[in-house]
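# Observations on chain architecture
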Amino acid sequence: IRIDKISSSSFNIKNNVKKENNRYYLVPPLSGKIEKINTKEGEILLPNTTVIIISAMKMENSIEVLEKYKVVKILVKEGDFVQLNQNLIELEPID
């Protein structure tokens, strides 16, 4: 019997904020499972902050913001399976 170990890779994904009905949302660029949420409601996110880690196809993908935002509402929880472009977190831009 031969068992091959598959190593886990990780990628950073940026520019994942969409505007919808004058609201801003962090969205995933791929479908997968929410492994870790690195923020809480009311928190200020600085540019290049990893907000969520999603696992897909045995790889962990870090989703970051490129601008400054305040977290308004977290719409998912760790362990959830999410789809491409699903609203994950409602954000408020900060100048």
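Above this text sits the structure in question.
Residues numbered from 1 in each chain as written. Predicted model: local features only at pLDDT ≥ 70, side-chain atom pairs only at ≥ 80, totals over all residues. Heavy atoms only, no water.

## Overview of unusual backbone geometry
The cut-off we apply is this: Buried, partly exposed and exposed residues are distinguished by accessible area as a fraction of the type maximum, computed with a 1.4 Å probe on protein chains only: under 20%, between the cut-offs, and over 50%, respectively. Only DSSP runs of H or I reaching four residues or more are called helices, and only runs of E reaching two or more are called strands; each is numbered from the N terminus.
One non-glycine residue with positive phi stands out, namely Asn21, at about 50 degrees. According to the relative accessible area criterion, Asn21 is exposed, its value standing at 72%. The phi dihedral of Lys58 is positive, around 65 degrees, even though this residue is not glycine. As for its placement among the helices and strands, Lys58 is situated in the loop between strand S6 (49-56) and strand S7 (59-65). When its relative accessible area of 59% is taken as the criterion, Lys58 is described as exposed.

## Brief notes about the nonpolar core
Short version of the rule: The term nonpolar core refers to a set of buried residues drawn from Ala, Val, Leu, Ile, Met, Phe, Trp, Tyr and Cys, joined through side-chain atoms within 4.5 Å. What makes two residues a contact is simply this: any of their non-hydrogen atoms within 4.5 Å.
Leu26, Ile34, Ile52, Leu88, Ile89 and Leu91 are the most contacted members of the largest nonpolar core, which totals 17 residues. Secondary-structure elements contributing two or more residues to this core are strand S4 (32-37), S6, S7, strand S8 (69-74) and strand S10 (89-93). Not counting residues up to four positions away in its chain, the partners in contact with Leu91 are Val17, Tyr24, Tyr25, Leu26, Leu45, Val65, Tyr69, Lys70, Val71 and Val72.

## Focus on the pairing of S8
Note the cut-off: Strands were regarded as paired on the criterion that DSSP finds at least two bridges between them.
Sheet topology places strand S5 (residues 44-45) next to S8; two bridges connect them, and they run antiparallel. Following the sheet pairing, Leu45 is matched in S8 by Tyr69. In this sheet, S10 lies alongside S8 in antiparallel orientation, the contact comprising five bridges. Across the sheet, the residue bridging to Ile74 is Ile89, located in S10.

## Observations regarding the side chain of Asn61
In plain terms, the rule: In the analysis that follows, any N or O atom pair within 3.5 Å is treated as a polar contact, provided that within protein one partner can donate a hydrogen and the other can accept it, and provided that, for residues neighboring in sequence, both atoms belong to side chains.
Within the secondary structure layout, Asn61 lies in strand S7. Since its relative accessible area comes to 5%, Asn61 is described here as buried. Looking at Asn61, its side chain comes within polar contact range of the main-chain oxygen of Met59, at 3.4 Å.

## Focus on the sheet that holds strand S3 (residues 23-26)
Taking strand neighbours across the sheet as the criterion, the five strands line up as S2-S3-S10-S8-S5 in an open arrangement whose pairing is antiparallel. Only two strands of the sheet have a single neighbouring strand rather than two, namely strand S2 (17-20) and S5.

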